[in-house]
Amino acid sequence: MTGPDVLASLRPRLPSPLQEVADARFARHGVRLLLKRDDLIHPELIGNKWRKLAPNLDAAAGRPIVTFGGAYSNHLRATAAAGRLLGLSTTGVVRGQELAERPLNPSLARCAADGMRLHFIDRSTYRHKNDPRTLASILRAAGAGDAYVVPEGGSNAAAVRGCVPLGAELRGRADVVALACGTGGTLAGLAAGLAPDQRALGVPVLRGGFLTAEVGTLQERAFGARRGDWSLDDRFHFGGYARTTPELDAFAEDFEQRHGLPVERLYVAKLLYGLVTLAEEGRLPPGSTLAAVITGRP
């Protein structure tokens, strides 16, 4: 059975460290930069994956877990690792039936090595996975009819509430708290945990401009209403999820050399690039303190 005691036995590092770094690109605009090192919470359940998964693992109460993701999903990997660490059965429903005929990429191979059963479905069905009848059909086909369902990216009301402590840990420490966003659950909880005079900024890593509505919906489900002062800047997705460019890679390598911090490319690099741009545009007030949440590592 899972529960607070079992999860605590995994020894998460909470609150995660808050590290100040000297970076001339911020300092010359009068901005102080802090890094909220959620990447150091746990060796395998990293960053917001711990914060979002822990309440769902508790709610599952030892039942098998089924969740969803693409071929390079960090969430699938984290769920598989949690299953191995806690002795839970996990099933990952993977977007793309064509992938079933191909060798597993390193991400999915890691899931399988951690004991996750992989069930591939076509992309059209995947798009409708939240429809109750479609979901029931998927679960039957995956042999997971009695499983506890965790949504894609791990973002549901329980996960949002699990991210509120992230905001609480940063109360009084920064004027602006920024993080990269996939499904929006971490931002929804973070913003609710901050003090009224703080604001949260999300940097989406997917194209589409849909995340404002998603974050609002998640907060309504978790708290009954919108919470906190939060906004999104959609300019830094670099083509969409799992996409990078030579410019972004060069930026990440430079940041690593400046600060000795391994920079994860699909989320963290886009966040940091966006923040440097905002500083140069004068959108971060002089005299302010900025905290960037490091949600993962390479």
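Above this text sits the structure in question.
The structure presented is a predicted model; accordingly, all values stated were derived computationally and were not measured. (Residues numbered from 1 in each chain as written. Predicted model: local features only at pLDDT ≥ 70, side-chain atom pairs only at ≥ 80, totals over all residues. Heavy atoms only, no water.)

Enquirer: So what exactly am I meant to see when it comes to unusual backbone geometry here?
Expert: The phi torsion of most residues other than glycine is negative, and most of the peptide bonds are trans. Cis geometry marks the peptide bond from L14 to P15, where omega comes out at -5 degrees. When you line up the elements, P15 lands in the loop between α1 (4–8) and β1 (18–21). With a phi close to 55 degrees, R11 is a non-glycine residue in the positive phi region. Looking at the secondary structure, you find R11 in the loop between α1 and β1. (Helix = DSSP H or I, 4+ residues; strand = E, 2+ residues; numbered from the N terminus.)

Enquirer: I keep staring at the packing of helix α4 (residues 74–86) against helix α5 (residues 106–113) and nothing clicks. Help me out?
Expert: Each packed pair of helices is defined by two parameters, the angle between the axes and the distance between the axes. Direction vectors running N to C along α4 and α5 enclose 20 degrees, while the axes themselves pass 8 Å from each other. One finds that α4 runs roughly parallel with respect to α5. Between α4 and α5 lies a crossing whose hand is left-handed. Contacts between α4 and α5 involve L76, R77 and A80 from the first element and S107, L108, R110 and C111 from the second. In terms of residue class, the contact of α4 with α5 is built from four nonpolar, one polar and two charged. (Axes fitted to C-alpha atoms, helices over the stretch in contact; angles between N-to-C directions. Parallel < 35°, antiparallel > 145°, perpendicular 65-115°, else oblique. Left-handed = near helix turned anticlockwise from the far one by under 90°. Contact = heavy atoms within 4.5 Å. Nonpolar A, V, L, I, M, F, W, Y, C, P; charged D, E, K, R; others polar.)

Enquirer: What should I look at first to understand the packing of aromatic side chains in this one?
Expert: For any pair of aromatic rings, geometry is given as the distance between the ring centres together with the angle between the planes. Scanning the entire structure with this criterion turns up six aromatic pairs. With 6.3 Å between their ring centres and 70 degrees between their planes, F68 and Y126 make a pair best called edge-to-face. With a gap of 58 residues between them, F68 in strand β3 (residues 65–69) and Y126 in helix α6 (residues 123–127) connect regions that are remote in the sequence. Site record: aromatic cluster; members linked through ring pairs are F236, F238, F251, F255 and Y273. Above the plane of the ring of Y126 lies R95, whose end atom (NZ or CZ) is 5.3 Å from the centre. (Phe/Tyr/Trp six-rings, centres within 6.5 Å; stacked < 30°, edge-to-face > 60°. Lys NZ or Arg CZ within 6 Å of the ring centre and 35° of its normal.)

Enquirer: It is not clear to me how helix α11 (residues 211–223) should be interpreted in this structure. Could you clarify?
Expert: Residues three or four positions apart in an α-helix share a direction because the helix packs 3.6 residues into each turn. Between the first and last C-alpha of α11 there are 18 Å, a value that for 13 residues agrees with the 18 Å anticipated at 1.5 Å per step. When we look at burial in α11, the residues that qualify are L211, V215, G216, L218, Q219 and A222. What you see down the axis of α11 is that its buried residues fit within an arc of 160 degrees, all on one side. For α11, the exposed residues set more than 90 degrees away from the buried face come down to A213 and R221. Residues of α11 that are buried in the fold lie against α8 (157–162), β7 (176–181), α10 (185–193), β8 (199–204) and β9 (230–232). The first or second residue beyond α11 is G224, which carries a positive phi of 90 degrees. (Expected span 1.5 Å × (residues − 1). Buried < 20%, exposed > 50% of the residue type's maximum accessible area, 1.4 Å probe, protein only. Arc of directions from axis to C-beta.)

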